[in-house]
Amino acid sequence: MCRGKQFYFCDVDCASEASSVLYMYQEDGYVVLDGLLTSQECDELRQRMAEIVERMDVPEHCRTTFSTYHDEQLKTQGNADYFITSGDRIRFFFEKGVFDDKGEFIVPKQRSLNKVGHALHAYEPLYEKVTHSPKVQGIAKKLGLVSPVILQSMFIFKQPGIGGEVTPHQDATFLYTEPLGRVMGVWIALEDATINNGCLWFIPGSHNSGITRRMVRTPKGTFPLTDFIGREQTYDDEKFVAAPVKKGGVILIHGQVVHRSAENTSEESRHVYTFHIMEAQ
Ligand SMILES: O=C(O)CCC(=O)C(=O)O
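Treat the numbers as computed from the prediction; the structure is a model and nothing was measured.

*Asks:* Can you walk me through empty space enclosed by the protein in this structure?
*Replies:* To find the voids left in a structure, one rolls a probe of water-molecule size over its atoms. Considering all chains together, one arrives at one cavity of 30 Å³ or more under this definition. Taken as a whole, the largest cavity spans an internal volume of roughly 50 Å³. Taken together, Pro168, His169, Gln170, Thr173, Thr212, Arg213, Glu232, Gln233 and Tyr235 make up the lining of the largest cavity.

*Asks:* Looking at this model, I keep getting lost on helix α2 (residues 39-55). Mind explaining?
*Replies:* Side chains that are three or four residues apart share a direction in an α-helix, a result of its 3.6 residues per turn. When the terminal C-alpha atoms of α2 are compared, their 25 Å separation across 17 residues agrees well with the 24 Å that a helix rising 1.5 Å per residue should span. Buried within α2 we find Cys42, Leu45, Arg48, Met49, Ile52 and Val53. All buried residues of α2 lie within an arc of 140° about the axis, which places them on one face of the element. Facing away from the buried side of α2, by more than 90 degrees, are the exposed residues Gln40 and Arg55. Buried residues belonging to α2 abut β4 (90-94), β5 (113-118), α4 (120-123), α5 (125-131), β6 (148-156) and β8 (183-189).

*Asks:* Where do I start with the packing of aromatic side chains in this structure?
*Replies:* Remark: the centre distance and the inter-plane angle together describe each pair of aromatic rings, the angle taken between the planes. For the structure shown, the criterion picks out 12 aromatic pairs. Their ring planes at 85° and their centres at 6.1 Å tell us that Phe174 and Phe228 sit as a pair that is edge-to-face. Linking Phe174 in helix α7 (residues 171-174) with Phe228 in strand β11 (residues 226-230), this pair joins segments that are 54 residues apart in sequence. For Phe174, a relative accessible area of 34% puts it in the partly exposed group. Among the residues examined, Phe228 registers a relative accessible area of 22% and is labelled partly exposed. Each residue in the set Tyr127, Phe155, Phe157, Tyr273 and Phe275 is aromatic and connected to the rest through ring pairs, giving one cluster.

*Asks:* I'm lost on the side chain of Ser269 in this one. Help?
*Replies:* Along the chain, Ser269 turns up in the loop between β14 (259-261) and β15 (272-279). The class for Ser269 is buried, based on a relative accessible area of 15%. Only 2.7 Å separates the side chain of Ser269 from the side chain of Glu191, close enough to count as a polar contact. Other than its neighbours up to four places away in sequence, Ser269 contacts Arg46, Phe157, Lys158, Pro160, Glu191, Asn197 and Asn264.

Quick notes on the rules
- Residues numbered from 1 in each chain as written.
- Predicted model: local features only at pLDDT ≥ 70, side-chain atom pairs only at ≥ 80, totals over all residues.
- Heavy atoms only, no water.
- 1 Å grid on protein atoms, 1.4 Å probe; cavity = no way out; pocket = protein on both sides within 12 Å on 5 of 7 lines; lining within 4 Å.
- Points joined across faces, edges and corners; volume = space filled by probe spheres on them.
- Helix = DSSP H or I, 4+ residues; strand = E, 2+ residues; numbered from the N terminus.
- Expected span 1.5 Å × (residues − 1).
- Buried < 20%, exposed > 50% of the residue type's maximum accessible area, 1.4 Å probe, protein only.
- Arc of directions from axis to C-beta.
- Contact = heavy atoms within 4.5 Å.
- Phe/Tyr/Trp six-rings, centres within 6.5 Å; stacked < 30°, edge-to-face > 60°.
- Polar contact = N/O pair within 3.5 Å; in protein donor to acceptor, adjacent residues only side chain to side chain.

Have a look at this one:
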C-alpha cells in the first residue's frame, strides 16, 4: 500500500476504497482524508470562533499559557485548576509571551490564543453539528467503533509567528483506556496545514508498541494535580513523516501513534478543529 496515496472522505463509503483507508489507519496509526468539510463550512466554524474570542473575558489569574513543553498550564494552582476543570467548559489557553507583567495583552487578543477547549462539541451548535454529523458517525462505524462517545474537543490556532511546538506524544498518555486502543483523534484542517505553518508529523506504525507513559491524578489536596507513570521518550527525528492536509480535510489519529507539530514561524495561521472519540463499549 502506497503511503503517498491520496484518500477522500467519500472513499470511506466506497466498498473498495474503505478497506484501503482502514488498512492505512491500522498499518500507520493515522490516515489523511481530503474533503470532509467544504470550504464554506470551515469558514463558518472559524467565523464562530472569531466571535467567541471577541467576547472572551478571562480573569487575570486564569490567563494560562498552554505548552506541551513543560506543562505550563499545570504549574501554578490557579492555572492548574482552570485547566483541569475545563473538560466540560469552553476555556481559553494562551501562547507564551502574550501578556505583560500585569496580565494585559501585548499582542492583539485574536493572535494570543493557543487553543480553546474542551467542550465546544457540547455547547457550540456549529461545532456540535460537525462533531455528531452523519459523516463522522459513518467514519467511526467504518473503523469498527460500536458505541462511540466524544471525550473532548479543541480549536487549535497555531498562530502565525508564535504558534508553539507540540512535542512528540501519544494521545493515550492523556486519554487512557483499558484496554488500550480505544481512542481516536479526529483532526480537521480549517485552513491548509502545511510543513510551513506547522502540520502534524507522525511515526508510522508507532501505535503498535503500547504507551511509554500515562498521566494520572495525584491524591486529592496535593499539588501538582497530575503526575506521570513511566517516562517521556525521545524519538529519532528521522522517523517522523509529515502529514500536510488541505482545508476541509481530516486526519484520523490512533490514540497510541506518536505525533508532533513544529512551531509556526510562517505568516499563515493553521486553524484546526479537533476532537477525540472513545469506544464506550
Ligand atoms: O494541532 C496540533 O498541532 C497538535 C494536536 C495534537 O497533537 C493532538 O490533538 O493530539
